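The residues making up each chain are set out below.
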Amino acid sequence: MSDPSQLRVADADRERVIEELHEHTVAGRLTAEELEERIGGAYRATTYADLEALRSDLPVSASSVALELSKRRSRLRRRLVREAGGSLSVSAVCVGIWLAAGADASFWPGWVIAFTMLPLIRDGWRLIGPASDVEAVEARLQARRTRHLTRGRRRTRYRGLPWP
């Protein structure tokens, strides 16, 4: 993949930068003339590097921080939904086995459901709940992914070799 700063920008990207420039003008960091000049530059910009040059001497705005946090949360929600799909499939298999075995009074798949869904419920609450902690959820999901990849490498490392 090429350098992301050299990718072409869309009109929505230009409008977002213009909104940030307006915020900086309201805060007193830019004069009206500087704002007009930078808005013209935003409309002429063709790459992300061009847009970044317009705001390189300005601090990060509140709207860009909120937008980035929103993107991170949606990315983490998608990862949680993917993991929930795996947990739900394991739970469905266990319920199918329970039904095929006669569906007696003790619903033992409940334990499987509880243990497979508990981490997802906890991370979902941390992500969506009142005291949201995006960094903790991201770290936990990354640790799970690293563990999963490590197990996969361990299994494939000895494939085809005779066991001692």
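Rules of the game
Residues numbered from 1 in each chain as written. Predicted model: local features only at pLDDT ≥ 70, side-chain atom pairs only at ≥ 80, totals over all residues. Heavy atoms only, no water. Helix = DSSP H or I, 4+ residues; strand = E, 2+ residues; numbered from the N terminus. Rg over C-alpha atoms; globule rule 2.2 N^0.38 Å. Buried < 20%, exposed > 50% of the residue type's maximum accessible area, 1.4 Å probe, protein only. Contact = heavy atoms within 4.5 Å. 1 Å grid on protein atoms, 1.4 Å probe; cavity = no way out; pocket = protein on both sides within 12 Å on 5 of 7 lines; lining within 4 Å. Points joined across faces, edges and corners; volume = space filled by probe spheres on them. Nonpolar A, V, L, I, M, F, W, Y, C, P; charged D, E, K, R; others polar. Expected span 1.5 Å × (residues − 1). Core = buried A, V, L, I, M, F, W, Y, C linked by side-chain atoms within 4.5 Å. pLDDT = per-residue confidence, 0-100. Patch = residues over 30% accessible without salt bridge, like charges linked within 9 Å, V, L, I, M, F, W, Y side chains within 5 Å. Areas by Shrake-Rupley, 256 points an atom, 1.4 Å probe, with all protein chains shown as cover. Salt bridge = Lys/Arg side-chain N within 4 Å of Asp/Glu carboxyl O.

### Here's the deal with the overall build of the protein
A tally of regular secondary structure across the protein gives six helices and zero strands. Written out in order from the N terminus, the α and β elements of the protein read α-α-α-α-α-α. By the compact-globule yardstick of 15 Å for 164 residues, the protein is too spread out, its C-alpha radius of gyration being 25 Å. The principal-axis extent of the C-alpha atoms belonging to the protein is close to 80 × 45 × 25 Å. Split into buried and exposed, the 164 residues of the protein put 26% on the buried side. For the protein, long-range pairs separated by at least 24 residues make up 62% of all intrachain contacts whose partners lie at least 6 apart in sequence.

### Considerations on the layout of surface pockets
By volume, the largest pocket amounts to about 410 Å³. Surrounding the largest pocket, 14 residues form its lining, Glu 83, Leu 141, Arg 144, Arg 145 and His 148 being those nearest its centre. When contributions to the lining of the largest pocket are tallied by element, the ones reaching two or more residues are helix H4 (62-100), helix H5 (109-128) and helix H6 (134-157). Here the residues of the lining of the largest pocket are counted per class, giving three nonpolar, four polar and seven charged. Of the voids in this model, the second largest pocket is the one considered here, and its volume is about 260 Å³. For the lining of the second largest pocket, the elements supplying multiple residues, two or more each, are helix H1 (11-26) and H4. For the lining of the second largest pocket, the element with the most residues is H4, which contributes four residues. Residues that form the lining of the second largest pocket fall into these classes: four nonpolar, four polar and six charged.

### Some details on unusual backbone geometry
A positive phi angle, close to 50°, is found at Ala 103, a residue other than glycine. You can see Ala 103 is positioned in the loop between H4 and H5. Its relative accessible area of 33% is what places Ala 103 among the partly exposed residues.

### Concerning helix H2 (residues 32-44)
Over its 13 residues, H2 extends 19 Å from the first C-alpha to the last, a length consistent with the 18 Å expected when each residue adds 1.5 Å. What H2 keeps buried is the set Leu 35, Arg 38, Ile 39, Gly 40, Gly 41 and Ala 42. Close packing links the buried residues of H2 with H1 and helix H3 (48-54).

### Considering the nonpolar core
Side chains that are nonpolar tend, in soluble globular proteins, to be buried together. Val 9, Val 17, Ile 18, Leu 21, Leu 30, Leu 35, Ile 39, Ala 42, Ala 45, Leu 51, Leu 54 and Leu 58 together form the largest nonpolar core, which totals twelve residues. Those elements that place two or more of their residues in this core are H1, H2 and H3. Those residues in contact with Leu 21 that sit more than four places away from it in its chain are Leu 30, Leu 35, Arg 38, Ile 39, Leu 54 and Leu 58. Leu 80, Met 117, Leu 127 and Val 134 belong to the second largest nonpolar core, which has nine residues in total.

### Remarks on the confidence of the model for the protein
Of the residues in the protein, 91% reach a pLDDT of 70 or more, and the chain-wide mean stands at 85. Averaged pLDDT values for the elements of the protein fall to 78 in H6 and rise to 95 in H2.

### Brief notes about a nonpolar patch on the surface
On the surface, a cluster of nonpolar side chains totalling about 600 Å² of accessible area is made up of Val 93, Ile 97, Trp 108, Trp 111 and Phe 115. When contributions to the nonpolar patch are tallied by element, the ones reaching two or more residues are H4 and H5. As for its position among the elements, Val 93 is in helix H4.

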